[in-house]
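# Structural characterization, general
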Amino acid sequence: MISIITPVYNGERFIESCLQVVIDQNCLEVEHIIVDGGSSDKTVDIIKDKANQYPHIRWISEKDQGQSDAMNKGIAMAQGQIIGVLNVDDFYETNILNRICEIFKTLPEPSFIVGNCNILNQKGKLISINKPNRLRTIDLLLERRINDDGIIDASFPVNPSAYFYHKSLHQQIGLYKLEEHYAMDVDFLLKAVCSSHVKYFNEIWGNYRYYPGTKTFDDSTKGTSTARIQHLFNDYIKRLSLMEQWQIWLARKMNFILLKIFYFYKYPERLPESIRQRLTKYSRT
């Protein structure tokens, strides 16, 4: 069985469509666990109505200490061997859950699998596709890389709608930190990659709505997420061997140099005058 966990608080705008997304998967081996933080809007009424119609929906509603606490409650409730997380405003591609159940039949335990994720704006227009095909710890700690087109691209899986894992993984890495309210996904991913069999699938599994008013969007636009995540990364880097730390330092330097090359290739007029004069001189010789 696969357990899909959805933490929610005052999510009446999306909760019905979120529940319907899992219903429409037509997966016989799924339970959908809704962990409501004591919503004051119509969220609970909508959950109750759907749960009365569909027995695979299980839910609780009580005050919690934030999203990490809600996630931990959902994990404790989960009866499935496979865990998936679906935030209330995100959604899966068609028939993904049956696909995931089939994949896990052949995987060692614990495994962590990742697919691609569409990133959508508020109007549902595609912004980009997250393809996290480099999932070594060192790749994740580099945070960003330059892809084949010369574009800076996040190597992290950006949203849990595109990854799934064995519940037993939590026996090795523990649960989510209650005190962490923003970077809990990043912390989880770093631990998961270190402690599981990781496999990437070049298939679109999830859809992530990225728009103003959401916690992640607002945190990013304020610029507060960068320092927070960098602090978390630095803590992990300190635990690595000296060789691995040196590899990260070297890769960061190379990324910086390549970024500069691509930038000035695109905007040659922004090169410093002294360098342009040298290049002109060399091109004439």
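As a starting point, this report considers the structure included with it. This one's a predicted model, so the numbers in the text were calculated from it and none came from an experiment.

Now for the pattern of salt bridges. According to the stated counting rule, one finds five salt bridges in the structure shown. Note that Glu102 and Lys105 form a salt bridge whose closest N and O atoms lie 2.9 Å from each other. Ionic pairing is found between Asp187 and Lys191, a salt bridge with its closest N-O pair at 3.2 Å. Here the residue Asp187 and the residue Lys191 both occupy positions in helix H7 (residues 184–195), the gap between them amounting to four residues, near one helical turn.

Okay, the pairing of strand E11 (residues 197–209) next. Two strands pair when backbone bridges link them, and strand E5 (residues 91–92) and E11 are joined in this way by two bridges, in the antiparallel orientation. Within the sheet, the bridge partner assigned to Tyr92 lies in E11 and is Gly206. Note: strand E6 (residues 111–120) against E11, nine bridges, orientation parallel. Its bridge partner lying in E11, Cys117 is registered against Gly206.

Once that is clear, we can look at unusual backbone geometry. Note: most peptide bonds trans; most residues except glycine with negative phi. Geometrically, the link from Glu109 to Pro110 is a cis peptide bond, its omega value of -5 degrees lying close to zero. In this fold, Pro110 is placed in the loop between helix H4 (96–104) and E6.

Relative to strand E10 (residues 163–166), strand E4 (residues 82–85) is paired through three bridges, and the arrangement is antiparallel. Pairing of Ile83 across the sheet is with Tyr165, part of E10. Inspection of the sheet shows E6 paired to E10 by three bridges, in the antiparallel sense. Its bridge partner being in E10, Phe112 is matched across the sheet by Tyr165.

Okay, the side chain of Ser161 next. Locating Ser161 in the fold gives a position in the loop between strand E9 (152–154) and E10. Residue Ser161 is classed as buried on the basis of its relative accessible area, which comes to 0%. Engagement of the side chain of Ser161 in a polar contact is seen with the side chain of Asn159, the distance being 2.7 Å. Within the local environment of Ser161, its side chain forms a polar contact with the backbone nitrogen of Asn207, the two atoms lying 3.4 Å apart. If we ignore the near neighbours within four places in the chain, the residues touching Ser161 are Val85, Leu86, Phe91, Tyr92, Cys117, Trp205, Gly206 and Asn207.

Turning next to the environment of Ile127. Inspection of the secondary structure puts Ile127 in strand E7 (residues 126–130). In this structure the C-alpha to C-alpha distance between Ile127 and Arg209, which are 82 residues apart in sequence, comes to 9.7 Å.

As a further point, take the packing of aromatic side chains. Within this structure, the stated rule accounts for ten aromatic pairs. Summarising the aromatic geometry, the rings of Tyr176 and Phe188 are spaced 5.5 Å apart at their centres and angled 25 degrees between planes, so their arrangement reads as stacked. With Tyr176 in the loop between helix H6 (169–173) and H7 and Phe188 in helix H7, this residue pair connects regions lying twelve residues apart in the sequence. When sorted by exposure, Tyr176 lands in the same class as Phe188, which is buried. Taken together through their ring pairs, the aromatic side chains of Phe112, Tyr163, Tyr165, Tyr176 and Phe188 make up a single cluster.

Here we take up the side chain of Asn116. Along the polypeptide, Asn116 turns up in strand E6. In this structure Asn116 comes out as buried when scored by relative accessible area, which is 2%. At 2.6 Å, the side chain of Asn116 and the side chain of Tyr200 are in polar contact. Ignoring sequence-local partners within four residues, the contact set of Asn116 consists of Ile129, Asn130, Lys131, Pro132, Ala162, Tyr200, Phe201, Asn202, Glu203, Ile204, Trp205 and Gly206.

Rules and cut-offs
Position numbers for residues start from 1 in each chain and track the written sequence from start to end. For a predicted model such as this one, the threshold for reporting local features is a pLDDT of at least 70, and the threshold for listing and counting side-chain atom pairs is 80 or more; totals across whole chains, interfaces and linings nevertheless cover every residue. Only hydrogens and water are set aside; all other atoms, that is, all heavy atoms of the structure, feed into the side-chain values. Any carboxyl oxygen of Asp or Glu within 4 Å of a side-chain nitrogen of Lys or Arg constitutes a salt bridge here. Where helices and strands are cited, they refer to DSSP runs of H or I of at least four residues and of E of at least two residues respectively, numbered from the N terminus. Paired strands, in this sense, are two strands between which DSSP finds at least two bridges. Classification of residues uses two cut-offs on accessible area relative to the type maximum, computed with a 1.4 Å probe and protein chains only: under 20% is buried, over 50% is exposed, and between them is partly exposed. Within 3.5 Å is the distance limit for a polar contact, defined as a pair of N or O atoms, with the added protein rule that one can donate a hydrogen and the other accept it, and that residues adjacent in sequence qualify only through two side-chain atoms. Any two residues whose heavy atoms approach within 4.5 Å at even a single point are treated as in contact. Here a pair means two rings of Phe, Tyr or Trp (six-membered ring of Trp) with centres within 6.5 Å. Their orientation is stacked below 30 degrees between planes, edge-to-face above 60, and tilted elsewhere.

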